[in-house]
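A structural walkthrough
One-letter residues, chain by chain:
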Amino acid sequence: MVAMTVPAGNTSTLLSPARVAWRGRRWSDLALWAVSLGFMLLGTGALLLIVLYVAAEALPALKQAGGLKGLLFVLPWEPLAEPPSYGILHAWLSSLLVTALSLLLAVPVALGVAIFTSEIAPPLLRGLLRPCMELLAGIPSVVYGFFGYVTLIPLFENSFGLAAGECILAAGLILSVMVLPFVASTATEALRGVPGNLRESAYATGVTRWHVIQHVVLRQAAPGLFAAIVLGLARALGEALAVLMLAGNATAVPHSPMDRGQPITALILTELGEAGVDSDKYHALMAAGLLLMVITVVINLTVLALKRRMLSRHV
Amino acid sequence: MPNSPSLAPTLEVRDLQVHYGRSSALTNISCRIPSRQVTAVMGPSGCGKSTFIKTLNRTLELTPRARVRGGSVLYRGHDIYASACNVDDIRKQIGIIHQRPVSFPMSIKENVLFGARFHKLVRRADETDYARKYLERVGLWNEVRDRLGAHAGTLSGGQQQRLCLARTLANQPTVILMDEPCSALDPAATRRIEELIIELERDYTIVIVTHNMSQARRVSRNALFFYDGRLMEAGPTQQIFEDPRESLTREFVTGQIG
Amino acid sequence: MSKPQSPPSLSVAYLGDRFATVLVWLTGLLALALPLAILGFLAVRGMHVMCWEFLLSGPSGVPLGSAGGIGPAILGTLYLVGMGLAVALPLGVGGGIYLSEFAPCAFWVRLLEFAAECLGAIPAVIYGLFGYALLVVFLAMNISLLAGGLTLGMMMFPIILIGSRAALAAVPSLERESALALGVSRSWVARRILLPRAWPGIAASAVLAAGHAAGSAAPVMFTASTVFTVTNPAMTTPVMTLPTHLYNLVSEAVSFDHAYGTALVLVVGILLVNALSMLLRRRLPEHY
């Protein structure tokens, strides 16, 4: 064994205050702290900036006749009228219709997929489903819009005898496919989170598989399933290109799924190019954007909170 | 080896108060840790042994919510909690190994050199010899000499603990703290570590937390008995076991409590 | 198979069981078929346009884009995403390091994470709106690579931040403690232990963010993109991008053949990127 002598030299420099601040390593820590904090603040400062900026630019839109009520519920979108009016009723109503339609279609299917994945599917299919869902989720909005454009629109024109096939229904159908993977994967997580022994005890009482699923699994996973639906809602509201290409871009207030509509996102994309900054149209677009942003952020935060509660439930 | 009364204690604790959040974990701890001897820290679980040992090299502050509220820890006469004190240097001089061996995600050689490289204790050219020296010291060299570049995670539990010890030794400390170093190991590995401790006593001051009383009798020369956050008794190990002054101590060493 | 004698209510239950199972199987198969159907459809219609000329040369013909290729669009997208990464990666990783190593208290961490989650929830079109208003008009950057790149960077930042934070938090705290107990500095620990451990997770989130940004038309439509350009991309010039090019080809009814080809390139590119991200994430649980 090697004989060891403890080096005696270190202690003399140990505690003299003068040396402390000049240690090279201390500076590197300070630098890292400063740089990382700076980046952190820069990034999150952007959030504050976005929200404040859009809100500030949206305020002038309230100057129109009727104020907030007028903007949201009364005024039509008629930039060429005398005087021009920029009400966004048709926009948020279109958003609502398209979103509701897409959820109506997507949620049952997503629930089925989730139940399939977590309760019924053989391992091979289960392994395939995950990448399939990720694939669906990865296709960009514009490609979905294009796909709908070349499949649904001609179909609608032929079967319903329309001059142009774009309508809220078309947008809603495609949107339901876009939203499906998100709702399905969150719902699957929720179902998987149900503890195994809960299932086992239920099966042990001799009931059918579906009885267990319906009365035990779904009930236990309810908050997570709710979160999944709400997540789908948020994503559907935020989609831009697909609805732009499929919903019809009409500024009249829609009354039925076969009508043409213009969700908020499509409104912004259509009109922004022609809106001079600081014009009334610009402020109205900002107001629409603010509405959209606030709603989607609130929904997303709700989902996150629900997800957290879902996780802590199964500790 | 005979006790050397002329050596001043390396570590001295005065009126130490430690809190976790609002509740008190250690109250009024005062004691001396003699140099170049093994001191055991004993007591029932939850009495504050681990907390105490972590205050000795300022690793307690890495635990969230843990605070040293009062008192001082003197290392060679200087309070390590004074604001002028350099924490990195303290931790270099007073090393610690934990209950669960924690090897870093790098090769065996890089593990040993981790701290030494930072403190610039070794030159690039001498690294392998330096690592070898400490691996030999802990008795690991023959087992790993052919695979210094292998990932440290491939070692067994006992080997990893010895690796952690080599890593700490490579920092050239004067004091080595050990927080129940053998409780996660099998008896054979435990024995090897204990033999190492006895051998290292020649050159280092060692403080070892143990819940195993026979281990304390085997390796330590002095002992501290903690109960409920207080230091009940301190003295030579032999005296603590054979002729304890406090009744609580007697109850503990006879196995009636803890 | 002989039916067991069971009370009527039970056999109804079994029937219902069967029915529900069939229904659920159908949805499962639908979910498997949908992506393959969409991809297959695009591939079949778009394959014949694929060739090197399509990928490398610029649009030509009358109307513009009905012949030639989409080279400048591919280049423009790459440049934009590259710029976005150049902004979002340091901000995101730096922020992740701050949150996991330096943040003084839980409240501060929660607040900053909350801000990041809010940012991540904002739809892409709002980033486009904001980018246009602030960068293009107010800061007079005009429609340019710079404006578009910054907009994409802002959009990618929360994804990378949250991904880095998660990757760094996954490093066992015992390793951090043991390293710091040796008296080394935090930046040493970050460099030698944390980043080597966490980089697959960080890279996976960066790649995911990049893929998402590459396919997004809304943020770049008014900040960076133009219908046609021959010049090489520069900071101050607008660029063609794949998603906006696809949109133009369709909305102006220029060429559906080329639209299929563009869509195919876009989708295949993003798929490859997502596969890369998944591979990176597999590398995460290393030796233990």
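These numbers were taken from a predicted model, which means no experiment stands behind them. (Residues numbered from 1 in each chain as written. Chains lettered and ligands numbered in written order. Predicted model: local features only at pLDDT ≥ 70, side-chain atom pairs only at ≥ 80, totals over all residues.)

1. Things to note about the overall build of chain A
Selection rule: Comment: elements are numbered from the N terminus, with helices defined as DSSP H or I runs of at least four residues and strands as E runs of at least two. As a rule, residues whose C-beta atom has 12 or fewer other C-beta atoms within 10 Å are exposed, those with 20 or more are buried, and those in between are partly exposed; C-beta atoms are placed from the backbone. By the convention adopted here, residues are in contact when the distance between their C-beta atoms, placed from the backbone, does not exceed 7 Å.
Broken down by element type, chain A carries 14 helices and 2 strands. In terms of its C-alpha atoms, chain A occupies a principal-axis envelope of roughly 95 × 65 × 35 Å. Looking at chain A residue by residue over its 315 residues, the buried ones come to 47%. Of the contacts made within chain A by residues no fewer than 6 positions apart, 72% connect residues no fewer than 24 positions apart.

2. What about the packing of helix H6 (residues 123–138) of chain A against helix H11 (residues 256–282) of chain C?
Selection rule: Here an angle of 0 to 180 degrees is reported between the N-to-C directions of two axes, which are lines fitted to C-alpha atoms, with helices fitted over the stretch in contact. Angular relationships are summarised with four words: roughly parallel below 35 degrees, roughly antiparallel beyond 145, roughly perpendicular across 65 to 115, and oblique for the angles in between. We call a crossing left-handed when the near helix sits turned anticlockwise from the far one by less than a right angle, and right-handed when that turn is clockwise. Under the scheme applied here, ten amino acids are nonpolar (Ala, Val, Leu, Ile, Met, Phe, Trp, Tyr, Cys and Pro), four are charged (Asp, Glu, Lys and Arg), and all others, including Gly, are polar.
It is at 10 Å that the axes of H6 of chain A and H11 of chain C come closest, and there the two elements cross at 130°. The angle between H6 of chain A and H11 of chain C places the two elements in the oblique class. Handedness of the H6 of chain A/H11 of chain C crossing: right-handed. Taken together, the residues of H11 of chain C that come into contact with H6 of chain A (itself represented by Glu134, Leu135 and Gly138 of chain A) are Ile270, Leu271 and Asn274 of chain C. Residues of the contact of H6 of chain A with H11 of chain C, tallied by class, amount to 3 nonpolar, 2 polar and 1 charged.

3. What about the interface of chain A and chain C?
Taken together, the contact pairs 67 residues of chain A with 69 residues of chain C. At 19 residues, helix H3 (residues 24–58) of chain A tops the list of elements feeding residues into the side of chain A that touches chain C.

4. A look at the pairing of strand E10 (residues 230–236) of chain B
Residue and element names in this part refer to chain B. Worth spelling out the cut-off: A pair of strands counts as paired when DSSP detects no fewer than two bridges linking them.
As paired elements, strand E9 (residues 222–227) and E10 share 6 bridges and run antiparallel to each other. Paired with Ala223 across the two strands is Gly235, which belongs to E10. Linking two consecutive strands that pair antiparallel, namely E9 and E10, is a turn of 2 residues; a positive phi of about 55° is found at Asp228 within it.

5. So, the confidence of the model for chain B
All names here are of chain B. How we decide: Each residue carries a pLDDT score, the predictor's own confidence in it, on a scale running from 0 to 100.
On average, residues of chain B score 89 in pLDDT, and 97% of them are at 70 or above. Here residues 1–6 scores under 50 on pLDDT; set against residues more than four positions off or in separate chains, the count is 0 contacts. Here the prediction assigns the complex a pTM of 0.84, and the interface score ipTM is 0.89.

6. Side note on the confidence of the model for chain A
Chain-level statistics for chain A give a pLDDT mean of 83 and a share of 91% at 70 or above. Overall, residues 1–24 of chain A carries pLDDT values under 50, and its contacts beyond four positions in sequence, including any with other chains, amount to 23 contacts.

7. Remarks on helix H4 (residues 127–137) of chain B
Residues and elements named next belong to chain B. Here is the rule we go by: An arc is given here, and it is the one of the directions from the helix axis to the C-beta atoms.
Buried residues of H4: Ala131, Tyr134, Leu135 and Arg137, and no others. Burial along H4 is one-sided: seen end-on, the buried residues are contained in an arc of 160°. Those residues of H4 that are exposed and angled more than 90 degrees off the buried face are Thr128 and Asp129. Within two residues after H4, Gly139 carries a phi angle of roughly 75°, on the positive side.

8. Digging into helix H3 (residues 108–118) of chain B
Most of H3 of chain B sits out of view: 9 of its 11 residues are buried. When H3 of chain B is considered as a whole, its buried residues turn out to be Ile108, Lys109, Asn111, Val112, Leu113, Phe114, Gly115, Ala116 and Phe118 of chain B. Contact partners of the buried residues in H3 of chain B: helix H2 (87–93), H4, helix H5 (141–144) and helix H6 (157–169) of chain B together with helix H8 (186–215) of chain C. Among the residues trailing H3 of chain B, Lys120 of chain B stands out with phi positive, at a value near 55°.

9. What to know about the environment of Arg308 of chain A
Its place among the elements puts Arg308 of chain A in helix H14 (residues 280–313). Taking C-alpha positions, Arg308 of chain A is 18 Å from Arg219 of chain A, a pair spaced 89 residues apart along the chain.

10. Considering the pairing of E9 of chain B
All names here are of chain B. With respect to burial, E9 is a largely interior element, 6 of its 6 residues being buried. Because side chains alternate across E9, one face comprises the buried residues Asn222, Leu224 and Phe226, and the other comprises Ala223, Phe225 and Tyr227, equally buried. Here strand E3 (residues 38–42) runs beside E9; their pairing, made up of 4 bridges, is parallel. Across the sheet, Met42 pairs through a bridge with Phe225, a residue of E9.

11. As for the nonpolar core
Rule in force here: Buried Ala, Val, Leu, Ile, Met, Phe, Trp, Tyr and Cys residues form a nonpolar core when they are connected through C-beta atoms within 7 Å.
Membership of the largest hydrophobic core comes to 272 residues, with the highest contact counts inside it found for Ala110 and Val183 of chain A together with Met156 of chain C. A total of 17 residues in this core trace back to one element, the largest contributor, which is helix H8 (residues 168–192) of chain A.

12. As for the domain arrangement of chain A
All names here are of chain A. Note the following rule: These domain limits were set by an automatic method or by a database of domain assignments.
According to the domain assignment, chain A contains domain 1 (17–62) and domain 2 (85–314). Here domain 1 and domain 2 have C-alpha centroids that lie 35 Å from each other. Listed per partner, the contact involves 6 residues of domain 1 and 8 residues of domain 2.

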